[in-house]
Amino acid sequence: MLIKSIRASDAKPSEITPKSVYMDRRRFLQTAAAGAALASFANGPAGAAKIDGIKKWPGSLTSEKLTPLDSIASYNNFYEFGTDKSDPVRNARFFMPRPWTVAIGGEVAKPATVDLDALLKPHTPEERIYRMRCVEAWSMVIPWVGIPLADVLKRFEPTSKAKFVAFETLNDPKRMPGQAVPSLQWPYVEGLRIDEAMHPLTLLAVGIYDEDMPNQNGAPLRLVVPWKYGFKGIKSIVKISLVEKQPPTSWNIAAPNEYGFFSNVNPKVDHQRWSQAKERRSGEFLRRDTLMFNGYGDEVASMYTGLDLKANY
Amino acid sequence: MTTDQRIRFLVKPAVFVLCLGPLAWIIGRALTIGLGANPIEYSNRYLGDWALRFILIALAVTPGREILGWSWLARLRRMLGLFAFAYVVLHVLSYVGLDQFFDWWAIGGEILKRQYITVGMIAVTLLIPLAITSTNGMVRRMGGRAWQRLHRLAYVIGMLGCLHFYMMVKSDTREPIIYASILACLLGYRLIAAGRRRLARNRRNTPQPA
Ligand code: HEM
């Protein structure tokens, strides 16, 4: 697009363009501005609220360019609000992420169903900039706001039988219109091994860019596991259960040969239908190489020593 | 104006401009508000959608003509077929030039390894002879019957297009199934019509008891 900055010495458009054409252009620009205002309304009727008291996490990725909020909040895989990437921003517009309760139970000493704000209260939100690698071979760099999952889970005192953590998304077709269609089995469920859940990189995210989580990105509470494909990051969580056996996971149920339980980012293990060796970073033209464990190998590889990553995709 | 002139000077140019509409729309969008967070995927998919739609539109000409009784529709068939070809070519160019950025090694690998791309590639290969034989000269040279037989490949291409789409989606198969159903109706109509004609012919040819 050609955008020219206007200097005072430049001819004004009115001097070189017949007045009627010039007026038409103004009307066009006004219409365009109204359109833009309408588009920003799409992020939610209430407007996003700033999150207070955010602490900067020292491990944040600073060497790669942040993906603009616009892109993060308009290109979403969130089948609860439609299967097209442009559906969630439209269909989640009026979703109300409050009041919200989360049930935490299973193999814990103190199971409870808690109001989300009470759940978050004892913790300081951190800004963590992570890479996000979708299984569809595109990626973004996102400044999440959240708290380590481990800090939350510890408060409920997992027992020695807690070997896995199972997560569940809200199941309410009236609020999530995409659930009227069996595009996946509802509710969406995900799971982690306990050591993955307790890993310091694993985040319960409540916001992006210092503001409340946009509805279309999984408001009010979602999981972020940066070394795994994006779909492991379950959205709009209502239930967290510590369990003894490996829990079922939605995409694995839908296509077991394409999506495994682990789903660690791995450039050497292709998806059935496309290569995972490279990815397209949002905003870039050429594909870049995908990194083992999405670049978090130093932190997480030790959890998988001795595990055949090809068989356990 | 005679009917012939009306078709030649009004209908055909109007349909031509309409067929350019989807292309103009995506170019316009790319130059103004942009194609979103993943513009290359957007253009691939958009052009793929229109490629398949134009294949179905071209295949709908004969049933449309017979059902509606608009014989002049037949005169749009070649143009619609060639637009289908053009959108397929643009879809493939978008894949080769934007998505893979002319990485021929990677493209070759994908054609062999990814079944939905193999299927797409077979469809494009089959389309090429149809495009080449679309001129009046070629119809004459081949003879009507041979030409018709060759151009029945359009149905196979349509089926491969739907299959390609079906194999590509992750879990929501509604859209490819809708396209496949439309194709099934078009093909069903043709088969029934052909069956009826054959029956009528046989009846005429069998000697009736005196
Ligand atoms: C007659 C031939 C073809 C037709 C009708 C066709 C049509 C389509 C359609 C309808 C889609 C799905 C679009 C959507 O999701 O909305 C698609 C996707 C796709 N097609 Fe084709 N296609 C053809 C040939 C090819 C060929 C030859 C290639 C590659 C060499 C190709 C590469 C792709 C790719 C990579 C996608 C997936 C895009 C993505 O996931 O972002 N297609 N095609």
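The structure displayed is predicted, hence computed values, not measured ones. (Residues numbered from 1 in each chain as written. Chains lettered and ligands numbered in written order. Predicted model: local features only at pLDDT ≥ 70, side-chain atom pairs only at ≥ 80, totals over all residues. Heavy atoms only, no water.)

**Structural notes on the confidence of the model for chain A**
Here is step 1: Counting all residues, the mean pLDDT for chain A is 87, and 85% of those residues have values of 70 or more.
Here is step 2: Throughout residues 1–46 of chain A the model reports pLDDT below 50, and contacts reaching past four residues in sequence, or to other chains, amount to 19 contacts. (pLDDT = per-residue confidence, 0-100. Contact = heavy atoms within 4.5 Å.)

**Some words on the site of the ligand**
All names here are of chain B.
Here is step 1: Taken together, 19 residues are adjacent to the ligand, and Glu41, Arg45, Asp49, His91 and His164 come closest.
Here is step 2: Contact between the ligand and Arg45: an oxygen atom at 2.9 Å from a side-chain N or O atom of the residue.
Here is step 3: At the level of elements, helix H2 (39–59), helix H4 (77–99), helix H6 (115–132) and helix H9 (153–168) are the ones that each hand at least two residues to the shell around the ligand.
Here is step 4: Grouping the amino acids of the shell around the ligand by side-chain chemistry returns 12 nonpolar, 4 polar and 3 charged. (Near = heavy atom within 4 Å. Polar contact = N/O pair within 3.5 Å; in protein donor to acceptor, adjacent residues only side chain to side chain. Helix = DSSP H or I, 4+ residues; strand = E, 2+ residues; numbered from the N terminus. Nonpolar A, V, L, I, M, F, W, Y, C, P; charged D, E, K, R; others polar.)

**As for the pattern of salt bridges**
Here is step 1: Under the defined criterion, the tally for this structure stands at 32 salt bridges over all chains.
Here is step 2: The partner of Arg193 of chain A in a salt bridge is Asp195 of chain A, and the shortest N-O contact between them spans 2.8 Å.
Here is step 3: For Arg193 of chain A, a relative accessible area of 18% translates into the label buried.
Here is step 4: Notably, a salt bridge pairs Asp270 of chain A with Arg114 of chain B, separated by 3.1 Å at the nearest N-O pair. Linking Asp270 of chain A in the loop between helix H8 (250–254) and strand S12 (278–281) with Arg114 of chain B in the loop between helix H5 (104–113) and H6, this pair reaches from one chain into another.
Here is step 5: We classify Asp270 of chain A as partly exposed; its relative accessible area is 33%.
Here is step 6: Using a relative accessible area of 3% as the deciding quantity, one classes Arg114 of chain B as buried.
Here is step 7: Sharing partners across several salt bridges, the network here consists of Glu64, Arg131, Arg133, Glu279, Arg281, Glu284 and Arg288 of chain A. (Salt bridge = Lys/Arg side-chain N within 4 Å of Asp/Glu carboxyl O. Buried < 20%, exposed > 50% of the residue type's maximum accessible area, 1.4 Å probe, protein only.)

**Looking at a nonpolar patch on the surface**
Here is step 1: A surface patch of nonpolar side chains, about 620 Å² in accessible area, is lined by Phe285 and Leu286 of chain A together with Leu98, Phe101, Phe102 and Trp104 of chain B.
Here is step 2: Here Leu98 of chain B lies in helix H4.
Here is step 3: Taking relative accessible area as the criterion, Leu98 of chain B reaches 33% and is therefore assigned partly exposed. (Patch = residues over 30% accessible without salt bridge, like charges linked within 9 Å, V, L, I, M, F, W, Y side chains within 5 Å. Areas by Shrake-Rupley, 256 points an atom, 1.4 Å probe, with all protein chains shown as cover.)

**Some points on the interface of chain A and chain B**
Here is step 1: Of the residues lining the interface, 28 residues belong to chain A; the matching set on chain B comes to 23 residues.
Here is step 2: For the chain A face of the interface with chain B, the top three residues by lost area are Arg273, Arg280 and Phe285 of chain A, together amounting to 30%.
Here is step 3: Here chain A and chain B share 14 residue pairs in polar contact (both at pLDDT 80 or more) between them.
Here is step 4: Of the residues in the side of chain A that touches chain B, the class split is 13 nonpolar, 9 polar and 6 charged. (Buried area = accessible area lost by both parts, 1.4 Å probe.)

**Concerning the environment of Glu196 of chain A**
Residue and element names in this part refer to chain A.
Here is step 1: Locating Glu196 in the fold gives a position in helix H7 (residues 194–197).
Here is step 2: Expressed as a C-alpha distance, the spacing of Glu196 and Leu149, which sit 47 residues apart in the sequence, is 9.9 Å.
Here is step 3: Those residues in contact with Glu196 that lie beyond four places of it in its chain are Thr202, Trp227, Lys228, Phe262, Asn264, Met303 and Tyr304.
Here is step 4: At 2.5 Å, the side chain of Glu196 forms a polar contact with the side chain of Tyr304.

**Observations regarding the coordination of the iron atom of the ligand**
Ideal geometry at a metal gives 109.5 degrees between four tetrahedral donors and either 90 or 180 degrees between six octahedral ones.
Residues and elements named next belong to chain B.
Here is step 1: His91 (NE2) and His164 (NE2) make up the full set of protein donors to the iron atom of the ligand, lying at 2.0 Å.
Here is step 2: With 6 donor atoms in place around the iron atom of the ligand and angles of 87 to 179 degrees between them, the coordination shape is octahedral. Pair noted here: His91 is in helix H4 and His164 is in helix H9, with a separation of 73 residues, a long-range link.
Here is step 3: According to the relative accessible area criterion, His164 is buried, its value standing at 18%. (Donors = N, O, S within 2.8 Å, 3.2 Å for Na, K, Ca; no water. Tetrahedral: all angles 85-135°; square planar, octahedral: opposite > 155°, others 65-115°.)

**With respect to the packing of aromatic side chains**
Here is step 1: Scanning the model with the defined rule gives 24 aromatic pairs over all chains in all.
Here is step 2: Both rings, one in Trp50 of chain B and one in Phe54 of chain B, keep their centres 5.9 Å apart while their planes meet at 45 degrees; by these two values the pair is tilted. Linking Trp50 of chain B with Phe54 of chain B, this pair stays in helix H2, spanning 4 residues, or about one helical turn.
Here is step 3: Judged by centre distance (4.9 Å) and plane angle (5 degrees), the rings of Phe54 of chain B and Tyr87 of chain B are stacked. Here Phe54 of chain B, found in helix H2, pairs with Tyr87 of chain B, found in helix H4; they are 33 residues apart in sequence, far enough to count as distant. One exposure class covers both Phe54 of chain B and Tyr87 of chain B, and it is buried.
Here is step 4: Counting every residue linked through ring pairs, the aromatic cluster contains Phe164, Phe261, Phe262, Phe293 and Tyr304 of chain A. (Phe/Tyr/Trp six-rings, centres within 6.5 Å; stacked < 30°, edge-to-face > 60°.)

**Remarks on the confidence of the model for chain B**
Here is step 1: Model confidence for chain B is summarised by a mean pLDDT of 93, while 98% of its residues fall at 70 or above.
Here is step 2: As a predicted assembly, this complex carries a pTM of 0.82 together with an ipTM value of 0.79.

**Topic: the side chain of Asp87 of chain A**
Residue and element names in this part refer to chain A.
Here is step 1: Assignment of secondary structure puts Asp87 in helix H4 (residues 87–91).
Here is step 2: Asp87 gets classed as buried once you look at its relative accessible area, which sits at 15%.
Here is step 3: With residues up to four places along the chain from it excluded, the contact list for Asp87 reads Phe81 and Gly82.

**Focus on unusual backbone geometry**
Residues and elements named next belong to chain A.
Here is step 1: The amide bond that connects Arg98 to the next residue, Pro99, takes the cis arrangement and shows omega of -5 degrees.
Here is step 2: Relative to the elements of secondary structure, Pro99 occurs in the loop between H4 and strand S2 (101–106).
Here is step 3: For Ala137, which is not glycine, the phi dihedral falls at a positive 70 degrees.
Here is step 4: Note that Ala137 resides in the loop between strand S4 (126–133) and strand S5 (138–148).
Here is step 5: Phi angles above zero are rare outside glycine, and Phe293 is one such case at about 50 degrees.
Here is step 6: In this structure Phe293 comes out as buried when scored by relative accessible area, which is 5%.

**Thoughts on a positive patch on the surface**
Residues and elements named next belong to chain B.
Here is step 1: Among the surface-exposed residues, Arg145, Arg149, Arg152, Arg197, Arg198, Arg201 and Arg204 lie close enough to one another that they form a single positively charged patch.
Here is step 2: Looking at the positive patch, the elements that each hand over two or more residues are helix H8 (144–151) and helix H10 (174–205).
Here is step 3: Sorting elements by how many residues they give to the positive patch places H10 first, with 4 residues.
Here is step 4: For Arg198, the position within the fold is in helix H10. (Lys, Arg positive; Asp, Glu negative; His and termini not counted. Charge placed at Lys NZ, Arg CZ, Asp CG, Glu CD.)

**Overview of the packing of H9 of chain B against H10 of chain B**
How two helices pack is summed up by the angle between their axes together with the distance between the axes.
Residues and elements named next belong to chain B.
Here is step 1: As a packed pair, H9 and H10 sit with axes 9 Å apart at the nearest point and diverge in direction by 165 degrees. In terms of their interaxial angle, H9 and H10 are classed as roughly antiparallel. Once H9 is placed against H10, the crossing between them reads as left-handed. Contacts between H9 and H10 pair Tyr155, Gly158, Met159, Cys162, Phe165 and Tyr166 from the former with Glu175, Pro176, Ile177, Tyr179, Ala180, Leu183, Leu186, Leu187 and Arg190 from the latter. (Axes fitted to C-alpha atoms, helices over the stretch in contact; angles between N-to-C directions. Parallel < 35°, antiparallel > 145°, perpendicular 65-115°, else oblique. Left-handed = near helix turned anticlockwise from the far one by under 90°.)

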